[in-house]
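# Topology and contacts: notes
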Amino acid sequence: MKKNRMEKKSELFAGRLVQFLVIIAALISGASGIFFLVTSGQNASNYSTFTGSAEYLRSVQGIIRSALSLNSAAIMQLGILVLISIPVIRVAVFLFSFLRERDWTYVIISTIVMGILLYSLLGGK
Amino acid sequence: LTGLVATGAIGAGLLGSLTGLGGGIVIVPLLTLALGVDIHYAIGASLVSVLATSSGAAAAYSREGFANIRIGMFLEIAATAGALTGTVITAFIAPKWVAVIFGLVMLHSAYMTFTSKVREISVEKPDRLATFLKMNSRYPSKDGLREYFIHSVPLGFSVMFLAGIISGLLGIGSGAMKVIGMDRIMKIPFRVSTATSNFMIGITAAASAGIYLSRGYIEPGLAMPVMLGVFAGSMAGARLLPKIKTRTLRIIFAISIAVIGIQMMIKGLTGNL
């Protein structure tokens, strides 16, 4: 089965979207990273024993809330969150394209993958 | 420390895009062995490097290229389920065993780098499941579009589940294993396998990244320089790729991976990690 025009189009669209999101993620993390280093870089963090990241950096809601109050660690984490969400968005784009093609087998397949990803991102521990 | 991590990540991104092995296999030993970072944080940062590699490559080529989205999506059911399983396993086993398994996987990757070869693509009749799943496709080659047929879907699916477990357990993309599954077992042409694998590793990594985020493994102070470094490294790598001979590079890389892999196992077993 060769690639049809619809699939080519959604591949191109997904590609552009990834490009855009990669730039966003890099900008968010880069800018806040510089700020983080300037303000608190000297009291070097200790990563040699595992204590886990701060509680507010562990959930989507927590990250967004703290980022909005301009916490620099949270803004860096927001950039990482954008990066984590890129594959989820890619799957969503292809799910939508299979839906438009009425390719039900692949609609189901993409939905399962999407479900696992959303479970991990929003629910799982 | 941030500078060191970023420099290391640039190197990891460069090597990753030049040799076809993911950055994770470099990031974890760099952080744990060289910089003394706890293995949990290292796994979190490494997952971020896998995500950056996958998205960075997709952004560089601006589309999926040779990737077969249908195959990738179907196999991702197994890989993401495996990744979730892997994250559950990590919670129950001691870090030293994670280090030992990591060392074994590194040795295996090194071995694979030596033995990889180009195989004739299969023109035999496809199996029924592959046809039902509309996986057979064609790809552009020197002599125009060539058709290819997919085989052994159930076995390939099982290999992806295993690759997913390893990915979730160690925070690597296990791209090498995915390529083996597609190239050798399912008889997918090598270029299609590698492109599809790149599409897949990001999705597998995202499946475990969410869990690890909520467990506090992803520390922004480490993950941020890793992400930016891998972006920079893989972009530079994509530019350099046509200009240099990768054969020698692969051999050097395979040897160093084997050495570090053994070191990783020793440190794990003697409890110095």
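Below: a short report on this structure. (Residues numbered from 1 in each chain as written. Chains lettered and ligands numbered in written order. Predicted model: local features only at pLDDT ≥ 70, side-chain atom pairs only at ≥ 80, totals over all residues. Heavy atoms only, no water.)

### What to know about the packing of aromatic side chains
- One pass over the full model with this rule turns up four aromatic pairs over all chains.
- Aromatic side chains phenylalanine 98 of chain A and tyrosine 106 of chain A sit 5.3 Å apart centroid to centroid with 40° between the ring planes, which places their arrangement in the tilted category.
- Each ring, one from tyrosine 212 of chain B and one from tyrosine 217 of chain B, has its centre 4.6 Å from the other, and the planes form 10°; the classification is stacked. (Phe/Tyr/Trp six-rings, centres within 6.5 Å; stacked < 30°, edge-to-face > 60°.)

### As for the interface of chain A and chain B
- Between chain A and chain B, the contact holds 57 residues from the first and 59 residues from the second.
- For the chain A and chain B pair, buried surface summed over both sides reaches about 5,200 Å², with 69% attributable to carbon and sulfur atoms.
- Of all residues in chain A, Tyr47, Phe50 and Arg90 of chain A bury the most surface against chain B, accounting for 15% of the area lost on that side.
- For the pair chain A and chain B, the interface holds two salt bridges.
- Linking chain A with chain B are six residue pairs in polar contact (both at pLDDT 80 or more).
- Taken together, the residues of the side of chain A that touches chain B sort by class into 31 nonpolar, 16 polar and ten charged. (Contact = heavy atoms within 4.5 Å. Buried area = accessible area lost by both parts, 1.4 Å probe. Salt bridge = Lys/Arg side-chain N within 4 Å of Asp/Glu carboxyl O. Polar contact = N/O pair within 3.5 Å; in protein donor to acceptor, adjacent residues only side chain to side chain. Nonpolar A, V, L, I, M, F, W, Y, C, P; charged D, E, K, R; others polar.)

### Brief notes about the environment of leucine 37 of chain A
Residue and element names in this part refer to chain A.
- In this structure, leucine 37 sits in helix α1 (residues 5-40).
- The class for leucine 37 is partly exposed, based on a relative accessible area of 34%.
- The spacing of leucine 37 and serine 72 is 35 residues in sequence and 9.5 Å in space, taken between C-alpha atoms. (Helix = DSSP H or I, 4+ residues; strand = E, 2+ residues; numbered from the N terminus. Buried < 20%, exposed > 50% of the residue type's maximum accessible area, 1.4 Å probe, protein only.)

### With respect to the pattern of salt bridges
- Considering all chains together, one arrives at two salt bridges over all chains under this definition.
- Across the pair glutamate 101 of chain A and arginine 70 of chain B runs a salt bridge whose closest N-O atoms are separated by 3.4 Å. Of the two residues, glutamate 101 of chain A is situated in helix α3 (residues 72-101) and arginine 70 of chain B in helix α4 (residues 69-92); the pairing between them involves two chains.
- Among the residues examined, arginine 70 of chain B registers a relative accessible area of 3% and is labelled buried.
- Of the charged contacts, one joins arginine 70 of chain B and aspartate 103 of chain A as a salt bridge, the two residues approaching to 2.5 Å between their closest N and O atoms. A residue pair is termed interchain when its members come from two chains, as with arginine 70 of chain B in helix α4 and aspartate 103 of chain A in the loop between α3 and α4 (104-123).
- Classification of aspartate 103 of chain A as buried rests on a relative accessible area of 5%.
- One salt-bridge network, in which partners are shared between bridges, spans Glu101 and Asp103 of chain A together with Arg70 of chain B.

### Brief notes about empty space enclosed by the protein
Residues and elements named next belong to chain B.
- The final tally for this structure, using the stated rule, is two cavities of 30 Å³ or more.
- Approximately 30 Å³ is the volume attributed to the second largest cavity.
- Lining the second largest cavity are Ile39, His40, Ile43, Thr90, Ile93, Pro95 and Val98.
- Per element, the largest residue contribution to the lining of the second largest cavity is three residues, and it comes from helix α3 (residues 39-61).
- Residue classes in the lining of the second largest cavity are distributed as five nonpolar, two polar and no charged. (1 Å grid on protein atoms, 1.4 Å probe; cavity = no way out; pocket = protein on both sides within 12 Å on 5 of 7 lines; lining within 4 Å. Points joined across faces, edges and corners; volume = space filled by probe spheres on them.)

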